Structure formats: structure tokens, C-alpha cells
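Listed below, chain by chain, are the residues.
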Amino acid sequence: MTARIPLTPLTAAAFAPFGEVLEASGPPDRVINQGNCGRFHDLATLVAEGGGRIGVNLFDALPRALPYTLDMVERHPLGSQAFLPMHPHPWLVIVTPDEGGIPGRPQAFRAAPGQGINFAPGTWHGVLTPLAAPGLFAVVDRIAPDGEDPAANLEEHWFEAPWQVVEPG
Ligand SMILES: NC(=O)N[C@@H](O)C(=O)O
Ligand code: NI
């Protein structure tokens, strides 16, 4: 029997050990543009160490279906990574704690439409996982310096036995 990970709602509190949730909830930090816009200010801690710099990318990812087979997680020791959906659908965010350099039990969150996330450096996570098309995201992460070994900022862990991310209940 494959180990099952039930989906839970994405909240800032639950995600806090792994990074930040970016969402326009509650009153804005600032009202700008002659009162026509609410600014939710400075929501993510962006990190690019080791000679890298912060950059903005677009990811167009194929949608996945539930139950979702999680066979690998990865992490980026030198930089943060933010996933900002450019679509109105729920999507999947998977993280695990680090247990002496090895991923622990995964946690799977259903991100609501309008919720983005920022992984702190070194956070074990599943790769970008939309649940509907278009799987279009802005991704703000570390751009490596020319000539850097791709392994410098990408560590992968393949599970001996995959996990199944399932609907709760
Ligand atoms: N490989 C890449 O740029 N994306 C991954 O880091 C990911 O988390 O999707
Ligand atoms: Ni990543």
C-alpha cells in the first residue's frame, strides 16, 4: 500500500516553517494610486547567494491529476524560489522537513486561486505542480552566475517508495 498524503489547505501559519504564502488577504498594507489600488507590501524574503542574482521567469507546466505520485523532492541551498500563479486555479504545493539532510514526511497543500508561495533556501519541495491548464506561473528565483555547475543550487532526493497525494477523507 503506497503511503498517502492528504491535501490540506495552504495557510501562512502552516507554511511558515518552509517559507511565505503570498496572497492579498485582509486590508492592504498601503493604499496607493489615488486610492485605486491596495499594496500588499514586501511579502517574500528573496535570496540569491553564491554570486547569483534574483530573476523572474515564466514556467508553463503541464497539469497533474490527483492522486498525485510524489517520487522526488528537491531543494535549492543557495536561493529562494517563489511560485506565483498566472491562472485562476487551485494548485499543489508539497514540502518536507529536513531530517539530517534527508527529507522527512511530505506535507501537501492545496493552494487556492490567488495564492502564491516563496520557498526559503534549502526547503525540500515538489516541483511546480499545477492541477489545471494553463499551468502558467511567474517564478522568482536565483539566476546562477555563468558557468556554475547546475548541481550547486539543485539537490534532488528520490524516494525509495513514492508517496500518493490524495484528496482528504
Ligand atoms: N528546475 C526548476 O527550475 N524548477 C524547479 O526548481 C521547481 O521547483 O519546479
Ligand atoms: Ni525548485
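Right above here is the structure, for reference.
The model shown is predicted, which means the values in this text are computed figures rather than measured ones.

Rules used throughout
Note on numbering: residues in each chain are counted from 1, in written sequence order. Each chain takes a letter, starting from A, and each ligand takes a number, starting from 1, following the order in which they are written. Under the rules for a predicted model, residues below a pLDDT of 70 receive no local features and side-chain atom pairs below 80 are neither given nor counted, while totals for whole chains, interfaces and linings still include all residues. Labels follow the DSSP assignment, with helices taken as runs of H or I lasting at least four residues and strands as runs of E lasting at least two, numbered in each case from the N terminus. All radius of gyration figures rest on C-alpha atoms, and the globule criterion is 2.2 Å times the number of residues raised to 0.38. Three exposure classes are used, based on other C-beta atoms lying within 10 Å of a residue's own C-beta, which is placed from the backbone: buried for 20 or more, exposed for 12 or fewer, and partly exposed in between. Note that contacts rest on C-beta atoms placed from the backbone: two residues are in contact if these are within 7 Å. Using a C-beta atom placed from the backbone, a residue is described as near a molecule or strand when that atom lies within 6 Å of it. Residue polarity is assigned by list, with Asp, Glu, Lys and Arg as charged and Ala, Val, Leu, Ile, Met, Phe, Trp, Tyr, Cys and Pro as nonpolar; anything else, Gly included, falls into the polar class. What makes two strands pair is DSSP finding at least two bridges between them. Structural elements are reduced to axes, namely lines fitted to C-alpha atoms, with helices fitted over the stretch in contact, and the angle between N-to-C directions of any two is expressed from 0 to 180 degrees. Buried Ala, Val, Leu, Ile, Met, Phe, Trp, Tyr and Cys residues form a nonpolar core when they are connected through C-beta atoms within 7 Å.

Engineer: I'm lost on the overall build of the chain in this one. Help?
Structural biologist: What the chain contains, in helices and strands, is one helix and 16 strands. In terms of overall size, the chain behaves like a compact globule, its C-alpha atoms giving a radius of gyration of 16 Å where 169 residues would be expected to give roughly 15 Å. Considering only C-alpha atoms, the chain reaches an extent of 60 × 45 × 30 Å along its principal axes. For the chain, buried positions account for 28% of its 169 residues. For the chain, long-range pairs separated by at least 24 residues make up 81% of all intrachain contacts whose partners lie at least 6 apart in sequence.

Engineer: Mind showing me how you'd approach the site of ligand 1 here?
Structural biologist: Around ligand 1, a shell composed of E74, Q81, H125, V127 and L128 is seen. A per-class count over the shell around ligand 1 returns two nonpolar, two polar and one charged.

Engineer: Honestly, the environment of A133 in this entry has me stumped. Any pointers?
Structural biologist: You can see A133 is positioned in the loop between β14 (129–130) and β15 (135–143). Here A133 falls in the exposed class, since 12 other C-beta atoms lie within 10 Å of it. A sequence separation of 28 residues divides A133 from A161, and the C-alpha atoms of the two residues are 28 Å apart.

Engineer: Just to check I follow, could you spell out the sheet that holds strand β7 (residues 81–85) for this structure?
Structural biologist: As a general point, the strands of a sheet are linked pairwise by backbone hydrogen bonds and lie either parallel or antiparallel. Here we have five strands laid out as an open sheet, ordered β2-β12-β7-β15-β5, and antiparallel in their pairing. Each end of this open sheet is capped by a strand with a single partner; those strands are β2 (19–22) and β5 (53–61). Across this sheet, the average inter-strand angle for adjacent strands is 15°, counted without regard to direction.

Engineer: Can you walk me through the nonpolar core in this structure?
Structural biologist: For soluble globular proteins, nonpolar side chains are generally found buried alongside one another. Membership of the largest hydrophobic core comes to 26 residues, with the highest contact counts inside it found for V93, I94, I117 and V165. Where this core is concerned, the elements lending two or more residues are β2, β6 (68–75), β7, β8 (91–96), β11 (107–111), β12 (116–119), β15 and β16 (155–166). It is β8 that provides the largest number of residues to this core, a total of five residues. Apart from residues no more than four positions distant in its own chain, V93 is found in contact with L10, F109, A111 and I117.

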